[in-house]
Amino acid sequence: MIPLSQPQCQSEKGQTETWQEQLAGAFRDVPALLAALDLDPAQAPYLLEPRSPFPLRVPRAFASLMQPGDWFDPLLLQVLPLAIESDRTPGYSEDPLRERDTNPVPGLIHKYHGRVLLIASPACAVHCRYCFRRHFPYDENTPSQADWEQALDYIRQRSDIQEVILSGGDPLALNDRRLDSLLSAINDIDHVTTLRFHSRLPVVLPARISPPFIDSLKAIDKNLVFVIHSNHPAEIGNELKGALSHLRSAGVTLLNQTVLLKGVNDDTRILESLSRRLFYAGVLPYYLHQLDRVAGAAHFELGDDKARYLHQALLETLPGYLVPRLVREDPDIPYKAPLA
Ligand code: SF4
């Protein structure tokens with residue numbers, strides 16, 4: 001654990017910080033994060049980019065899981081802006097999944113049969129360097145109350161929509177009151193049977209799984225699914241386990257999806273350990289994703305052969321229920337395509 005200037009959940013006066021206070025206190029400055037990790041920028045083994053247009057953002061709870069003095073810490077590598085991100089690589093684009101083509105009303109993406117994705121909040125607690133939405137026009141998709149009404153009307157009018165997926169940014173970046181109001185509105189739509197969250201917030205800011213949020217979930221009369229986004233076993237600490245147990249107590253099915261990232265988790269032992277630690281925390285591995293080819297993230301990509309090799313090794317070492325499906329998102333295919 002890194003020696004942060006104060007315990008991650010306490011203010012200078014020793015009071016427990018709310019998740020909003022923790023969010024406000026996130027690292028947004030590369031030198032400050034490096035100083036907290038005892039790393040001297042002059043010694044960096046790669047070129048940093050402290051002024052990236054997709055700037056650094058790291059909650060202290062997540063930073064506390066990084067190893068001080070390690071430039072190649074797998075959690076640090078996921079969030080540290082590097083100069084290599086501005087290299088232009090053929091095949092990498094700003095909208096790799098062409099989501100702008102499936103964006104019928106602001107804040108809503110309708111690509112999959114029977115499911116819609118609601119961009120509940122454009123904000124995110126962390127800025128992952130491999131994020132496929134790092135160039136998404138969130139300014140045009142920052143939902144106002146009127147936009148939400150338009151998106152909800154779109155869902156109400158289509159009885160074939162059975163599942164609403166709350167995404168972002170991160171849906172849990174919404175405050176409890178707005179989130180509760182959105183959940184209640186969806187709960188009132190009879191043909192929606194399942195509400196799914198895709199959120200990395202429990203991983204990077206476990207305090208976000210707050211008592212009011214759990215109360216909101218308990219009031220929902222739908223199947224509840226929560227897909228956390230964890231990429232490395234070192235991300236699964238005690239705080240996250242506590243947050244996940246609260247979600248389970250609200251009747252939520254917990255799944256995980258992982259993005260394969262060179263230098264972070266491209267190792268059989270790491271992926272095996274991740275599956276086992278997830279399971280001990282009550283989470284089933286769901287997807288192992290090949291990287292979406294977003295501009296700025298090419299240095300994270302693994303070849304398909306390496307991805308298949310890693311997946312095969314998991315099949316050989318883990319029980320089947322702990323082996324995630326190896327998939328790629330293809331803008332021309334209306335489901336996650338298995339990497340055959
Ligand atoms: S948590 Fe998800 S949406 Fe947010 S920056 Fe990371 S990958 Fe992107």
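Please read all numbers here as calculations on a predicted model, not as lab measurements.

Caption draft 1: Region of the structure containing helix 11 (residues 304-317). Taking 1.5 Å per residue, 14 residues should reach 20 Å; helix 11 reaches 20 Å between its end C-alpha atoms and fits that length. Taken together, the buried positions of helix 11 are Ala307, Leu310, His311, Ala313 and Leu314. Projection of helix 11 onto a plane perpendicular to its axis shows the buried side chains occupying an angular sector of 155 degrees, all on one side. Facing away from the buried side of helix 11 by over 90 degrees, the exposed positions are Asp305, Tyr309 and Glu316. Here the buried face of helix 11 lies against helix 10 (268-280), strand 7 (284-289) and strand 8 (325-329).

Caption draft 2: Region of the structure containing the pattern of salt bridges. Evaluation of the coordinates by the stated rule reveals 14 salt bridges. The partner of Arg208 in a salt bridge is Asp176, with the nearest N and O atoms 2.9 Å apart. Linking Arg208 in the loop between helix 7 (201-204) and helix 8 (211-218) with Asp176 in helix 6 (residues 176-187), this pair joins segments that are 32 residues apart in sequence. The exposure class of Asp176 is buried, given its relative accessible area of 16%. Linking Arg308 and Asp305 is a salt bridge whose minimum nitrogen-to-oxygen distance equals 3.1 Å. Separated by three residues within a single helix, Arg308 and Asp305 lie in helix 11, roughly one turn from each other.

Caption draft 3: Representation of the sheet that holds strand 2 (residues 115-121) within the structure. One open sheet accounts for nine strands, arranged 1-2-3-4-5-6-7-8-9; its pairing is mixed. Each edge of the open sheet is held by one strand with a lone partner, namely strand 1 (108-109) and strand 9 (336-338). Sheet topology note: the strand 1/strand 2 ladder contains two bridges and is antiparallel. Counterpart to Ile109 in the pairing with strand 2 is Leu117. Strands strand 1, strand 2 and strand 3 (163-168) of the sheet are contacted by helix 5 (residues 145-156), whose axis makes an angle of about 165 degrees with strand 2.

Caption draft 4: Spatial organisation of a nonpolar patch on the surface. Taken together, the side chains of Phe279, Tyr280, Leu284 and Tyr321 define a hydrophobic patch exposed on the protein surface, amounting to about 450 Å² of accessible area. With respect to the helices and strands, the residue Phe279 is situated in helix 10. By relative accessible area, Phe279 is classed as partly exposed at 36%.

Caption draft 5: Representation of helix 6 within the structure. When the terminal C-alpha atoms of helix 6 are compared, their 16 Å separation across twelve residues agrees well with the 16 Å that a helix rising 1.5 Å per residue should span. Those residues of helix 6 that are buried are in contact with helix 1 (19-24), strand 2, helix 5, strand 3, strand 4 (194-199) and helix 8. Where helix 6 begins, one side-chain oxygen reaches toward the backbone nitrogen of Arg177, 3.1 Å away; that side chain belongs to Asn175.

Criteria and thresholds
Residues numbered from 1 in each chain as written. Predicted model: local features only at pLDDT ≥ 70, side-chain atom pairs only at ≥ 80, totals over all residues. Heavy atoms only, no water. Helix = DSSP H or I, 4+ residues; strand = E, 2+ residues; numbered from the N terminus. Expected span 1.5 Å × (residues − 1). Buried < 20%, exposed > 50% of the residue type's maximum accessible area, 1.4 Å probe, protein only. Arc of directions from axis to C-beta. Contact = heavy atoms within 4.5 Å. Salt bridge = Lys/Arg side-chain N within 4 Å of Asp/Glu carboxyl O. Pairing = 2+ DSSP bridges. Axes fitted to C-alpha atoms, helices over the stretch in contact; angles between N-to-C directions. Patch = residues over 30% accessible without salt bridge, like charges linked within 9 Å, V, L, I, M, F, W, Y side chains within 5 Å. Areas by Shrake-Rupley, 256 points an atom, 1.4 Å probe, with all protein chains shown as cover. Polar contact = N/O pair within 3.5 Å; in protein donor to acceptor, adjacent residues only side chain to side chain.

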